[in-house]
Structure formats: structure tokens, C-alpha cells
Amino acid sequence: MCGIVGSIGLKDPRNYVEKGLKILDYRGYDSAGIAYLSDGIKIYKDVGSVEHLFSFVPSHIETNVMIGHTRWATHGVPSINNTHPHLSFRKKICLVHNGVIENYKELKEFLVDKGYEFVGETDSEIASNLLEYFYLKDYDVISAIRKVMSLLKGSFAITFFTSDDENVLYALKKSSPLVIGLGEGYNLIASDASPMISLTNNFIELEDNEYTVISNDSVEVYDQEGEKVNKEKIHKDIETISHDLKGYPHYMLKEIEEIPSVVNNLINEYFKNDEYQFDPHLIKDLNESDHIIFIACGTSYHSGLVGGRFFEYYGKSASRFIASEWAFHPTYPGERPFIIMISQSGETADLIHCLKIIKEHNLKNLIITNTGGSTLDRNAMYSLLLHAGIEVSVASTKAYVAQVTLLSLLSSALQNDKKTIKDLKDSIEIVKDIRDNYKPIIMNVADELKDKTNIFYLGRSYDYFLSLEASLKLKEVSYIHSEAIPGGELKHGPIALIEPGTPVIVFITDTVTASSMRGNIEEVKARGATVYTIATQKLSRKEDTIIVKDYAYYLSSVAVSIVAFYLAYYVSISKGLNVDKPRNLAKSVTVE
Ligand code: F6R
């Protein structure tokens with residue numbers, strides 16, 4: 001959500017900013033813009049793609065300073081006036097912003113009182129004008145920055161230059177990431193390191209409530225009181241997004257089909273020479289804790305639901321929270337709680353908020369993430385990487401399976417239970433079998449579902465957790481309303497929605513709950529529902545839609561989630577939608 005790139009002293013800033021904005025594409029955006037200083041401030045904006053923006057940006061630009069931005073609308077519709085960079089009222093400050101300024105309304109009133117006029121509806125425009133207002137008092141940028149930092153509430157990563165000086169780029173940060181890239185005779189800035197790695201491997205990371213003054217040859221960082229901060233230089237080799245579809249028509253399909261190798265890689269990474277390979281301190285801390293708390297968002301939350309059950313199986317008490325809920329009412333049951341955060345991107349703002357609280361309370365914590373070097377990876381006490389390879393498609397598939405796999409390995413390591421390894425390897429075979437033999441059936445189902453408006457998923461226990469994920473995936477990429485319902489809850493309300501022709505997709509893979517699920521099928525059929533059942537061999541009936549070989553039932557989310565992913569994918573494709581970039585969504589949710 002919103003991406004920032006900037007450079008100073010760079011020979012070809014246009015190229016860097018264009019490529020950088022494209023690399024930040026994963027954050028999602030609806031409009032983009034750039035600005036530079038060359039005989040006055042020049043700004044180019046477009047509601048649409050970075051590619052289109054650069055089709056009318058001059059091909060050769062002489063400038064010492066340039067900033068660029070991709071905007072994911074929060075305050076105000078996608079429009080040219082709301083697109084960044086924002087030029088202040090008196091044309092002194094040109095700024096890009098990521099984050100949400102919570103008190104922007106009162107700050108706007110303050111500025112309107114001082115005669116300021118606004119062209120758009122964004123909170124960011126307030127920041128540019130506020131900086132200008134204080135800057136114009138005595139032409140002191142630094143005191144303007146410090147004043148503005150003390151006034152802004154919410155989250156901000158701001159980068160700006162003034163019309164008066166092409167030799168300085170400024171930035172300030174709170175709760176939204178900003179990384180500075182160090183070059184020879186030039187310096188860079190961006191929302192994360194990825195846009196800069198073709199130009200440098202040396203970075204400085206801004207912490208909350210710090211601001212920076214960057215010139216061609218120097219980077220100085222200060223805290224809000226104006227004290228200089230000695231920053232550590234970080235050397236990072238970062239995996240770049242591969243834009244190679246390897247012959248697949250879409251990333252989502254490619255990533256679904258990578259699932260067998262993702263699970264296999266994880267086993268090889270965390271189980272070698274017949275031993276689990278986790279940090280012994282982590283295992284000790286987990287074993288000594290008396291309560292495990294899982295916190296995550298979206299798909300990652302769904303893997304936390306499964307993970308909680310794994311840890312319960314090994315005798316731990318566990319609770320699960322959605323990050324944006326926990327952050328505002330944090331609870332930590334037990335005397336020695338241990339927090340497990342899960343995040344594919346490692347940049348999810350809701351979870352970063354939680355980590356702050358976790359740290360304030362000195363709680364032991366672990367992040368499970370796919371993104372080495374991300375904010376959560378760097379700041380959590382322990383970090384375990386998913387090694388799933390970059391996930392490009394907005395809808396998470398292989399990362400979900402990797403999260404569940406890693407949680408099963410980690411929980412098993414607590415009691416050195418090695419049977420899990422065999423169960424996981426068997427699950428890989430199920431996934432391959434579905435991939436090789438069931439796509440035509442799934443495509444047929446997709447065809448029957450594509451024009452429906454409501455679809456229900458039913459399951460119990462592990463199959464319910466899987467249903468939640470299946471439902472989220474379907475709604476994300478097909479825009480069809482869908483709900484996941486625990487089988488037992490059907491009669492407590494949702495059955496009122498079942499009418500002739502309503503599609504109900506049922507997972508039956510758990511011996512303990514299979515007969516209750518068969519009862520649920522009868523109940524919805526009696527109301528005219530069209531039922532599609534995915535069952536394991538030993539629990540199957542001949543009328544079931546998909547019958548898969550038996551596997552350890554607790555690994556449903558590893559073994560058969562692929563059915564749900566294919567289904568969502570094929571429904572989206574048959575509706576002609578942009579499956580890799582569904583509307584309104586971003587790969588990395590960097591605002592709360
Ligand atoms: C759904 C999806 C989202 C993410 C959620 C959390 O396909 O991808 O629901 O799971 O935004 O993101 P991460 O895992 O990056 O914290």
C-alpha cells in the first residue's frame with residue numbers, strides 16, 4: 001500500500017524511479033506519480049499504471065533530486081489531485097507519503113485558518129502544507145520537520161524536497177517503513193530495500209520518530225529531539241522479484257504448482273540428519289511457555305488457526321487473534337506467554353503494531369515469514385523463514401501451505417515427534433496427485449460456480465480452518481460472496497441462506513467428524529443446495545465430487561488446500577478477471 005522511491009545525486013534517476021516503482025508494484029496501487037527539481041518543481045501523475053505514467057514522462061531528465069510514489073487510495077478516490085507527489089500551496093514543499101495521518105482533519109482546519117487551500121482529499125496533502133507552513137516561518141527545514149513530527153498522529157513515511165535546494169532530500173518516519181540506500185556520490189530512499197538493490201547493497205534503516213537529511217555524499221539521521229543518531233550500516237543481499245512466469249499464464253497458478261517443492265524444501269531446511277533444526281533457545285522458550293498466542297491477518301491468520309491446534313495437540317494451551325483486533329485489546333493469558341506472529345510479507349502494518357506492544361511488554365516472540373530482511377523479520381526476537389520463494393500473486397497460496405508446514409514441524413520439534421515428517425511427505429504426494437489428475441474436475445466445478453453470487457464452504461475442525469481459507473481465496477479472486485461455516489453452526493443461523501441451487505462445498509477428511517458432516521450435507525440438500533464434496537478415500541461415498549487418497553487428517557491444509565486454490569483460480573479465470581491482481585487488494589498491507 002503506497003510505495004516510495006527517491007534519489008539524490010544519481011545520474012539516471014528516471015530509470016531508478018521507474019524501475020523502483022515497478023518493483024514496489026507488489027504493494028498494490030491505483031495511481032502513480034513522480035517529481036523532480038529542474039528549473040522549478042516538475043510533477044507527472046497518472047491514475048493507472050507506472051508504465052503508462054512513464055509513457056509521458058520526458059525520456060531524458062537532468063536533475064539532482066527525484067521522488068516517486070505509487071498510491072493505494074485511503075483518503076479520497078484515485079484521482080490526479082489525490083495522487084502523490086503533493087506540492088504545497090505556496091509551491092515550496094514537494095512530498096510523497098505512506099501511512100495514515102489520523103488527525104489530518106484538525107490539522108487541515110488549522111491550515112485553512114492560516115489561508116491554505118487544498119486541491120485534493122488526502123491526508124498527505126496536509127503534511128506537505130504543514131511542512132511548508134513551518135518552513136516559511138524562518139526558512140528552517142529542520143525545525144519544520146521536528147514541529148510536524150510532534151503534530152502528526154498516526155503513521156507516516158514521508159520523503160520530500162524543497163523548491164529552494166536541489167541538494168537535499170529529507171525524510172521522516174513513524175510506523176511505516178523507510179530504508180536508505182547508500183551509494184558512491186548518490187543516495188537512495190525507498191519503502192523497502194528491493195528497488196535499490198541494483199544500485200547498492202548497503203542500507204540504513206530509519207526507526208520510528210527519526211528523520212534524515214540526505215545529500216549526494218552524506219546521510220545524517222536525527223531523533224525527534226534533534227540529537228544525531230549513529231546508525232548501523234546494514235549489508236543485505238536481497239532476493240528480487242522474478243518476473244519469470246516459467247511458462248505459466250499466471251503467478252497464482254505457478255505458485256499453486258510450486259506447493260510440493262515448497263513443502264519439500266521446508267522439510268529439508270528444518271529437518272536434517274534425522275533431527276529437527278530449530279534454534280534450541282527457541283525450542284526451550286516454547287517448551288517453557290505456558291501459553292502460545294498466534295497473531296496474524298487474513299490467510300496467515302488461517303494458518304495460525306491450524307498451528308494453534310498443532311500446539312494444542314502437543315499439550316500447549318493456545319489462543320489465536322487477528323492482529324488488528326489484538327492490537328487494540330491485547331491480552332496475554334498465562335504467566336509465560338509466547339507469541340507466534342505469522343506474515344508472508346513481514347511488512348503487515350497491523351502486525352507491526354502488535355510487535356510494538358509485544359516488545360513493550362517484554363514478551364517472547366517469534367515471526368514466521370517468507371521475507372528475510374522485512375520489518376518483522378528484523379525486529380522479532382526469533383524469526384523462521386518459509387523459504388517459499390517470492391510470492392507474486394496477491395492471493396497467497398504457497399505461503400499459506402508453507403506456514404502450516406512450518407508450524408507442524410515446529411510443534412512436532414517440541415516433543416521430537418518425527419512421524420510428522422512422514423505425514424508431510426505423504427501430503428506432498430496427495431498434492432501432486434490432485435495437481436496431475438483432478439484439474440479437469442475442478443475446472444468443471446469452476447464453470448458451474450462462476451455465475452453464482454453466494455457460495456458456502458462447510459467443514460469441521462481442521463476442515464473448517466481449511467474452509468475459511470478456501471472461502472477467502474474464492475472471494476478475493478472471483479468477487480463472489482462466500483462464507484465458511486463450521487458444520488455444527490449451520491443450524492444456528494446460516495442454513496436460512498440455503499435455497500434451491502445454492503452451492504455448498506464440503507470438506508470431509510476427518511474420521512471423527514465425518515458422519516456429522518454427512519448429516520450436514522443431508523440438511524443442505526433437503527433445502528435444495530447443490531453440494532460438492534471433497535473427501536478422503538476411506539470416508540468417501542461414490543457421489544462425492546473429488547475423492548483423494550487418505551492422509552494424516554491434521555494436514556488437510558497442506559494436502560487438499562490445493563483443491564480450494566485451483567477452484568478459486570479457475571473461477572476467476574473463467575470470469576475473465578485479473579487473477580494475480582484482484583481489485584482493491586495489495587500484496588503487502590502496509591497501512592492499518
Ligand atoms: C489472502 C492474503 C491476505 C494476507 C494478509 C496478511 O490471499 O494474502 O489475506 O494473508 O494480508 O498478509 P501477510 O501474511 O503478508 O502478513
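Higher on the page you've got the structure.
Being a predicted model, the structure only gives us computed values, none of them experimental. Along each chain, numbering runs from 1 in the same order as the chain's sequence is written. Two thresholds apply to this predicted model, a pLDDT of at least 70 for residue-level local features and 80 or more for giving and counting side-chain atom pairs, whereas whole-chain, interface and lining totals are computed over all residues. To get the side-chain values, take all heavy atoms of the structure and skip hydrogens and water.

Peer 1: Would you mind going over the packing of aromatic side chains with me for this structure?
Peer 2: The geometry of an aromatic ring pair comes down to the distance between the two centres and the angle between the two planes. Only centres within 6.5 Å qualify two rings of Phe, Tyr or Trp (six-membered ring in Trp) as a pair; their planes then separate them into stacked at under 30 degrees, edge-to-face at over 60, and tilted for everything else. Tallying each qualifying case throughout the model produces 27 aromatic pairs. Seen in terms of ring centroids, Phe160 and Tyr170 are 5.1 Å apart; in terms of plane orientation they differ by 20 degrees. Their pairing is stacked. Taken as a pair, Phe160 in strand β7 (residues 156-162) and Tyr170 in strand β8 (residues 165-174) lie far apart in primary sequence, 10 residues in all. The same class applies to Phe160 as to Tyr170, namely buried. Between Phe294 and Phe311 the ring centres are 5.6 Å apart and the planes differ by 65 degrees, which places this aromatic pair in the edge-to-face class. One end of the pair, Phe294, is in strand β17 (residues 291-296); the other, Phe311, is in helix α9 (residues 298-313), and 17 residues separate them in sequence. Exposure class is identical for Phe294 and Phe311. Each is buried. In this structure an aromatic cluster arises from ring pairing among Phe310, Tyr462, Tyr464, Phe465, Tyr553 and Tyr554. A ring is scored as having a charge over it whenever the NZ atom of a lysine or the CZ atom of an arginine sits within 6 Å of its centre and within 35 degrees of its normal. One residue, Lys108, lies across the ring of Phe118, its end atom 5.1 Å from the ring centre. One Lys or Arg, Arg583, reaches over the ring of Tyr479 and ends 3.8 Å from the middle of that ring. Helix numbering and strand numbering both begin at the N terminus, where a helix is a DSSP run of H or I of at least 4 residues and a strand a DSSP run of E of at least 2. Summary of the burial criterion: residues with accessible area below 20% of their type's maximum are buried, those above 50% are exposed, and those between are partly exposed, where the area comes from a 1.4 Å probe applied to protein chains only.

Peer 1: Quick question: what am I supposed to make of the pairing of strand β6 (residues 93-98) here?
Peer 2: Extensive coverage of β6 is indicated by the burial of 6 of its 6 residues. Side chains of β6 alternate between two faces, with Ile93, Leu95 and His97 and Cys94, Val96 and Asn98 buried alike. Strand pairing is assigned whenever DSSP identifies at least 2 bridges connecting the two strands. Pairing of strand β5 (residues 86-87) with β6, which is carried by 2 bridges, proceeds in the antiparallel orientation. Looking at the pairing, His86 lines up with Leu95 of β6.

Peer 1: Could you clarify how one ought to interpret the site of the ligand in this entry?
Peer 2: Throughout, near means a residue has at least one heavy atom within 4 Å of the molecule or strand. If you check the shell around the ligand, you find 15 residues, and the closest are Ser300, Ser343, Gln344, Ser345 and Thr348. Here an oxygen atom of the ligand and a side-chain polar atom of Thr348 are 2.5 Å apart. If the ligand stood free it would expose 400 Å²; the protein chains cover 90% of that surface. Classifying every residue of the shell around the ligand gives 5 nonpolar, 8 polar and 2 charged. Residues adjacent in sequence count toward polar contacts only when both atoms are side-chain atoms; beyond that, a polar contact is any pair of N or O atoms within 3.5 Å, and within protein one must be able to donate a hydrogen and the other to accept it. The accessible surface values rely on the Shrake-Rupley method and a 1.4 Å probe; as for residues, cover is taken only from the protein chains in view. In the scheme used here, Gly and all other residues not listed as nonpolar or charged are polar, with Ala, Val, Leu, Ile, Met, Phe, Trp, Tyr, Cys and Pro taken as nonpolar and Asp, Glu, Lys and Arg as charged.

Peer 1: Would you take a moment to explain the sheet that holds strand β26 (residues 546-548) for this structure?
Peer 2: Spatially, 5 strands are ordered β23-β22-β24-β25-β26 in an open sheet, and the strand pairing comes out parallel. Both outer strands of the open sheet, β23 (481-486) and β26, are each paired with one neighbouring strand and no more. Ignoring which end each strand starts from, the neighbouring axes of this sheet average 15 degrees apart. Of the strand pairs in this sheet, strand β25 (residues 530-536) and β26 are connected by 3 bridges, and their pairing is parallel. Bridged to Ala535 within β26 is Ile547. Contacting β22 (454-459), β24 (503-508), β25 and β26, helix α15 (residues 439-449) crosses the sheet at an angle of about 155 degrees to β25. Fitting a line to C-alpha atoms yields each axis, with helices limited to the stretch in contact; the angle taken between N-to-C directions then spans 0 to 180 degrees. Note on definitions: a residue-residue contact is assigned when non-hydrogen atoms from the two residues lie within 4.5 Å.

Peer 1: What am I meant to see in α15 here?
Peer 2: Since the α-helix turns once every 3.6 residues, residues separated by three or four places project in the same direction. Considered for burial, the residues of α15 that qualify are Lys439, Ile442, Val445, Ala446 and Leu449. Here the buried residues of α15 occupy an arc of 120 degrees about the axis, which is enough to place them on one side. For this quantity, the arc is that covered by the directions from the helix axis to the C-beta atoms.

Peer 1: Sorry, what's going on with the nonpolar core here?
Peer 2: Soluble globular proteins tend to bury their nonpolar side chains together. Judged by nonpolar contacts, the single largest core of 90 residues is most densely connected at Phe278, Phe311, Ile340, Leu410 and Ile434. Apart from residues no more than four positions distant in its own chain, Leu410 is found in contact with Phe278, Leu282, Ile283, Leu286, Phe311, Ile340, Leu366 and Leu384. In this structure, Leu95, Tyr104, Leu111 and Val213 belong to the second largest nonpolar core, which totals 30 residues. Residues enter a nonpolar core if they are buried and are Ala, Val, Leu, Ile, Met, Phe, Trp, Tyr or Cys, with the set joined through side-chain atoms within 4.5 Å.

Peer 1: Would you mind showing me how to read the packing of helix α7 (residues 259-270) against helix α13 (residues 398-414) here?
Peer 2: When two helices pack together, you describe them by how their axes are tilted relative to each other and by the distance separating the axes. Where α7 contacts α13, the two axes come as close as 9 Å, and the packing angle between them is 30 degrees. Judged by the inter-axis angle, α7 sits roughly parallel to α13. The crossing of α7 and α13 is right-handed. Seen from α7, the contacting residues are Ile259, Val262, Val263, Leu266, Ile267 and Tyr270; seen from α13, they are Lys398, Val401, Ala402, Thr405, Leu406 and Leu409. In the contact of α7 with α13, the residues fall into 10 nonpolar, 1 polar and 1 charged. Angles are sorted into four bins: roughly parallel if under 35 degrees, roughly antiparallel if over 145, roughly perpendicular if 65 to 115, and oblique for all others. By definition, turning the near helix anticlockwise from the far helix through less than a right angle yields a left-handed crossing, and turning it clockwise yields a right-handed one.

Peer 1: For this particular structure, what's the right way to read the packing of helix α14 (residues 419-437) against helix α19 (residues 561-574)?
Peer 2: At their nearest, the axes of α14 and α19 sit 9 Å apart, and the two run at 30 degrees to each other. When the axes of α14 and α19 are compared, the pair comes out roughly parallel. Both α14 and α19 take part in a crossing whose hand is right-handed. Here Val431, Ile434 and Arg435 of α14 come into contact with α19, specifically with Ile562, Val563 and Tyr566. When grouped by side-chain class, the residues that make up the contact of α14 with α19 number 5 nonpolar, no polar and 1 charged.

Peer 1: Sorry if this is basic, but what is going on with the state of the cysteines here?
Peer 2: A covalent bond bridging the sulfur atoms of two cysteines is what the word disulfide describes. Disulfides are defined as cysteine sulfur pairs within 2.5 Å. Evaluation of the coordinates by the stated rule reveals 0 disulfides. Cysteine Cys354 is unpaired, with the sulfur of Cys297 as its nearest cysteine sulfur at 7.2 Å. Residue classification places Cys354 among the buried positions, given a relative accessible area of 0%.

Peer 1: How should the environment of Lys114 be read in this particular structure?
Peer 2: Tracing the sequence through the fold places Lys114 in the loop between α3 (104-113) and α4 (123-138). By relative accessible area, Lys114 is classed as partly exposed at 39%. Residues Lys114 and Gly519, spaced 405 residues apart in sequence, show a C-alpha to C-alpha distance of 69 Å.

Peer 1: Would you explain the pattern of salt bridges in this entry?
Peer 2: It is possible for side chains of opposite charge to pair when their charged atoms get near one another. Salt bridge, as applied in this entry: a Lys or Arg side-chain nitrogen positioned within 4 Å of an Asp or Glu carboxyl oxygen. All chains considered together, the criterion is met by 30 salt bridges. In this structure, Glu205 and Arg378 form a salt bridge, with 2.3 Å as the shortest nitrogen-oxygen distance. Here Arg378 lies in helix α12 (residues 375-379) and Glu205 lies in strand β11 (residues 202-205), a separation of 173 residues in the sequence. Judged by its relative accessible area of 10%, Glu205 falls in the buried class. Between Asp208 and Lys356 there is a salt bridge, with its nearest N and O atoms 2.8 Å apart. Residue Asp208 is found in the loop between β11 and β12 (210-214), and its partner Lys356 is found in helix α11 (residues 349-360); the two are separated by 148 residues along the sequence. Here Lys356 falls in the partly exposed class, since its relative accessible area comes to 33%. Several salt bridges converge on common partners, so that one network encompasses Arg14, Glu18 and Lys22.

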